[in-house]
Amino acid sequence: MNLSTLPKIELHLHLDGSINPMTASKILNCSVNDIVKELTVSDNCRDLNEYLTKFSLPEQILQTKENLSLIAENLALDLKKENVIYAEIRFAPMKHLKEGLTKEEVVDSILEGLKKVDIQTNLILCMMRGAPYEENLEVITLAKKYLHRGVCAIDLAGAEALYKTEDYRSLFALAKKENIPFTIHAGEADGKESIKSAISFDPKRIGHGVRIIEAPELIPIIKKKNILLEICPTSNIQTSIFKTYQDHPIKKLYDEFIPLSINTDNRTVSNTTLTEEYHHLITNLNMSIQDIININKTTILHTFLNSNEQDKLLKKYTELSDKWLKEQNKD
Ligand SMILES: [Zn+2]
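Our subject in this report is the structure included herewith. Fair warning: this is a prediction, and the values are worked out from it, not measured in the lab.

Taking 1.5 Å of rise per residue, the 17 residues of helix α5 (residues 65–81) would be expected to cover 24 Å, and the 24 Å separating its terminal C-alpha atoms lies within 8% of that figure. All buried positions along α5 are accounted for by Asn67, Leu68, Leu70, Ile71, Ala72, Asn74, Leu75, Ala76 and Leu79. For α5, the secondary structure elements touched by its buried residues are β1 (8–14), α1 (21–28), α4 (56–61), β2 (84–91), α6 (103–115) and β3 (120–128). Count one or two residues on from α5 and you reach asparagine 83, which has phi positive near 60°.

Quick look at the sheet that holds strand β8 (residues 260–262) now. Strand order in this open sheet of four strands is β5-β6-β7-β8, and the pairing throughout is parallel. Two strands close off the open sheet at either side, each with one partner strand: β5 (183–186) and β8. Mean inter-strand twist for the sheet, computed between neighbouring axes without regard to direction, equals 25°. Against the sheet, helix α9 (residues 192–200) engages β5 and β6 (205–208), with an angle of about 170° to β5.

Within the largest apolar cluster, 88 residues are counted, with the highest numbers of intra-cluster contacts made by Leu125, Ile154 and Leu260. At seven residues, the largest contribution of residues to this core is made by α5. Look past the residues within four positions of leucine 125 in its chain and what remains in contact with it is Pro93, Val139, Leu142, Ala143, Val151 and Ile154.

About the criteria used
Residues numbered from 1 in each chain as written. Predicted model: local features only at pLDDT ≥ 70, side-chain atom pairs only at ≥ 80, totals over all residues. Helix = DSSP H or I, 4+ residues; strand = E, 2+ residues; numbered from the N terminus. Expected span 1.5 Å × (residues − 1). Buried ≥ 20, exposed ≤ 12 C-beta atoms within 10 Å, placed from the backbone. Contact = placed C-beta atoms within 7 Å. Pairing = 2+ DSSP bridges. Axes fitted to C-alpha atoms, helices over the stretch in contact; angles between N-to-C directions. Core = buried A, V, L, I, M, F, W, Y, C linked by C-beta atoms within 7 Å.

Listed below in structure tokens is the structure:
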């Protein structure tokens, strides 16, 4: 089975965690090996602190129009290589203003880079936990300006254990009022209370959300509200939420009919691809290829595309995956 050619959808993918090491080595004029050490966690990483150190070099690099554009373009090429046919890529615009760029220049540069590759993408703008209220407000204003012009939603990222989800209620209420769709990182470093607050904001999706397994009483609620969990198995193991792939609850959540998607979170930091994520789920959790295809189809119905675009993408995905299945059966 050639998983790398299976068509794929990815919804939870951070630009700064997914810098192609070759591109970074060219920008910084140093060896790829040295760069990989800076950008990627060690093989047995089980530590959120180690995980977080891998974002400091990306933040230094992603401060010019040229670098933003080049890194976005090369990420799009990496996605295309494993047949991702639609991706929503996220980043925190306020992190890229250190050398004088405006927020608009940041978004424009990333969009320009993505445009160079023939792949359907959208951007999600991240507000940050711990950032001043006004800065997060600026992210909402920016999203409003670019909505349907390359930006599809907002998110809340950052240290969930330090800054309570509940504290961001008024920002999400404002986003809702402005008709800006949103997802929220919740149920990763914090548990039940964080997920409970996130659910009450009425998001379309929750980033991770895996710790819902600790609060089964919330399961019927997210099912009723049709909220999708953006699940990133390898990232969860590296940040020590679960010890091994066998311990990961994705299969249990899938069997409970909770809408969910499979994601890399940070391709370079986590040293993973969707192909590898699928492989881990098939080998360690006995998920079938049909499960993976079903998950991708459900994922399409939870993208931030409008319903016409979703229908078109679902049709395309179905055709491509049917064709892929036939090819695999031939071999
Ligand atoms: Zn994330």
